[in-house]
Amino acid sequence: MDLFHLRKPRRHADRARAAEGSAGSSRWSRATSPSAGSTWPKAGAIAAEVQGGNRGPELAAFAGGKPRVLTHLNDAFHAGVALGAKESVSFKSPDGTEVQAFVTKPPGFVAGRRYPTILHIHGGPVGQFGWGFDFKPQYFASKGYVVIEPNPRGSTGRGQDFVRGIYQTWGITDYDDLIAAVDYAVAAGYADPDRLAVTGYSYGGYMTNTVITRTGRFKAAATGAGTASSLANYGHDIYQKWYNWELGVPWENREKYDRLSPLLQAGKVTTPTIFLGGRDDWNVPILNAELFLPVAAHSAASTPSSSLYPGMHHGGWTPEFERDYLERVVAWFDKAPGASAHRPRSPPLRRGRCGGGDAGCGAEGQFFARRRSPRIRAPSIYRRLLARAS
């Protein structure tokens, strides 16, 4: 753990006070009990969750600025899987703005070889990809993909001016930053320009929708809970106060809403795209996929699909549906023209049983459990639309 990402342990205070100095304090759950040979920090000492870009989270105590790891919940996980290497890069956007991104390379990466590459876009937009361990890019990398995760303008971590860089310009300013990230990876020699895919969830889904209306360079796209029309969402999602503050009311500022709505450019889409989302999502309602899919279906060069997950909201999905989502996205990318051609075989992730107190189930290990993925099908109206379009 050469570089740490610190977080407040879930449901617990970050100042750990062991009851009367004894181990097994009630302040900590059974799952976070210290490992054999470890002891709790002294009363009043600071403890935190720590994780590295290529290392799953553990609890550690800090003294003199140095961490002492208390738990080893993910040791078995790391001993049984091959992970990609996560690194930070920076580059210039077309207007000269410096942009940072994380790149996760596949296990067994060979310098000088070009790999199919996924542009992964974060949500928010006021958020960021960080140094902490993230299962999703590691899963993509395990399938032989390079994963690029930019922090474009609108992201946190670079000051308020950087956040406000997309004020009233969603999908415009940050689009340039995202494409600059792809160009950087291609110029660096490891991203194959002929085998590119793009995906994101929430605002990342909105940006995926935007990307596929502005360029045809991506061979496949997977958009999760992505906005298609801000106008249609007004009064339907949870963001009326935000819309009013940034764009004004739509009946007085219709042009602003139209300019930021990829649905109105959907006829330009040529990228095969899968639309995914929770049926009960009222953060970014599934209405957006319902609007975008039929329009994309009428483009002869585009082959859309959809997967709607019953009972699921914007987050907090069941492990079975989370797993199905990831597997479905990778399967969609693998079907893209040339996406998996000559793709290097990466060391497979270990499959095993998950449950009880299995230490090997840490770091999202539940995705490796041998459970049958649920069958999620597009509603019959979409199947009829797709059949008619073909």
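What counts, and where the lines are drawn
Residues numbered from 1 in each chain as written. Predicted model: local features only at pLDDT ≥ 70, side-chain atom pairs only at ≥ 80, totals over all residues. Heavy atoms only, no water. Core = buried A, V, L, I, M, F, W, Y, C linked by side-chain atoms within 4.5 Å. Buried < 20%, exposed > 50% of the residue type's maximum accessible area, 1.4 Å probe, protein only. Helix = DSSP H or I, 4+ residues; strand = E, 2+ residues; numbered from the N terminus. Contact = heavy atoms within 4.5 Å. Pairing = 2+ DSSP bridges. Axes fitted to C-alpha atoms, helices over the stretch in contact; angles between N-to-C directions. Salt bridge = Lys/Arg side-chain N within 4 Å of Asp/Glu carboxyl O. Parallel < 35°, antiparallel > 145°, perpendicular 65-115°, else oblique. Nonpolar A, V, L, I, M, F, W, Y, C, P; charged D, E, K, R; others polar. 1 Å grid on protein atoms, 1.4 Å probe; cavity = no way out; pocket = protein on both sides within 12 Å on 5 of 7 lines; lining within 4 Å. Points joined across faces, edges and corners; volume = space filled by probe spheres on them. Expected span 1.5 Å × (residues − 1).

Caption draft 1: Expanded view of the nonpolar core. Counting residues in hydrophobic clusters, the biggest one holds 46 residues, and the most contacted among them are Trp170, Val198, Phe218 and Phe292. Elements with a contribution of two residues or more to this core: β5 (85-92), β6 (98-105), β7 (115-121), β8 (146-151), α4 (173-187), β9 (191-201), α5 (203-214) and α9 (287-297). Excluding anything up to four places from it in sequence, Trp170 contacts Tyr203, Tyr206, Ser230, Trp242, Tyr243, Glu246, Leu247 and Leu260. Grouped together as the second largest cluster of nonpolar side chains are 28 residues, Tyr325, Leu326, Val329 and Ala336 included.

Caption draft 2: Just the sheet that holds β6, in detail. Taken in spatial order, the 8 strands line up as β5-β6-β8-β7-β9-β10-β11-β12 in an open sheet, and their pairing is mixed. Each end of this open sheet is capped by a strand with a single partner; those strands are β5 and β12 (305-309). Going across the sheet, the axis of each strand differs from the next one's by a mean of 20 degrees, ignoring polarity. Inspection of the sheet shows β7 paired to β9 by 6 bridges, in the parallel sense.

Caption draft 3: Examining the pattern of salt bridges more closely. Inspection of every chain in the model, using the stated rule, returns 10 salt bridges. The residue Lys105 makes a salt bridge to Glu87 at a minimum N-O spacing of 3.5 Å. Here Glu87 lies in strand β5 and Lys105 lies in strand β6, a separation of 18 residues in the sequence. By relative accessible area, which is 13% here, Lys105 ends up buried.

Caption draft 4: Summary view of the packing of α4 against α5. Put simply, α4 and α5 touch, their axes get as near as 11 Å, and they point 80 degrees apart. When the axes of α4 and α5 are compared, the pair comes out roughly perpendicular. For the pair formed by α4 and α5, the contact residues are Asp174, Tyr175 and Leu178 on the first element and Tyr203, Met207, Val211 and Arg214 on the second. Taken together, the residues of the contact of α4 with α5 break down into 5 nonpolar, no polar and 2 charged.

Caption draft 5: Region of the structure containing empty space enclosed by the protein. Counted according to the given criterion, the structure contains 7 cavities of 30 Å³ or more. The calculated volume of the largest cavity comes to roughly 190 Å³. If you go around the largest cavity, you meet 14 residues; those closest to its centre are Tyr203, Thr227, Tyr239, Trp242 and Tyr243. When residues of the lining of the largest cavity are traced back to their parent elements, those giving at least two are α5 and α7 (240-246). Grouping the amino acids of the lining of the largest cavity by side-chain chemistry returns 8 nonpolar, 5 polar and 1 charged. Here the second largest cavity is characterised by a volume of approximately 60 Å³.

Caption draft 6: How the structure looks around α5. Between its first and last C-alpha atoms α5 spans 17 Å; for 12 residues at 1.5 Å apiece the expected length is 16 Å, and the two agree. All of the buried residues in α5 are Tyr203, Gly204, Gly205, Tyr206, Met207, Thr208, Asn209, Thr210, Val211, Ile212 and Thr213.

Caption draft 7: Representation of unusual backbone geometry. A cis amide bond links Gly124 with the next residue in sequence, Pro125, at an omega value of 5 degrees. Secondary-structure assignment places Pro125 in the loop between β7 and α2 (135-142). Despite not being glycine, Gln168 has its phi angle at roughly 60 degrees, a positive value. Structurally, the position occupied by Gln168 is in the loop between α3 (160-163) and α4. Look at Ala225: it is not a glycine, yet its phi comes out positive at around 50 degrees. Within the element layout of this structure, Ala225 appears in the loop between β10 (220-224) and α6 (230-233).

Caption draft 8: Local environment of the environment of Tyr184. By secondary structure assignment, the location of Tyr184 is in helix α4. The class of Tyr184 is partly exposed, set by a relative accessible area of 29%. Each C-alpha atom, one on Tyr184 and one on Ser93, is 9.7 Å from the other, the two residues being 91 residues apart in sequence. Dropping the residues within four chain positions of it, Tyr184 is found in contact with Val89, Ser90, Phe91 and Tyr190.

Caption draft 9: Spatial organisation of the pairing of strand β2 (residues 46-52). When you tally the buried positions in β2, you get 6 out of 7 residues, the bulk of the element. For β2 and strand β3 (residues 55-63), the ladder comprises 6 bridges, and the chain directions are antiparallel. Bridge assignment links Ala48 to a residue of β3, and that residue is Ala60. Remark: 2 residues form the turn of the hairpin made by β2 and β3, two consecutive strands paired antiparallel.

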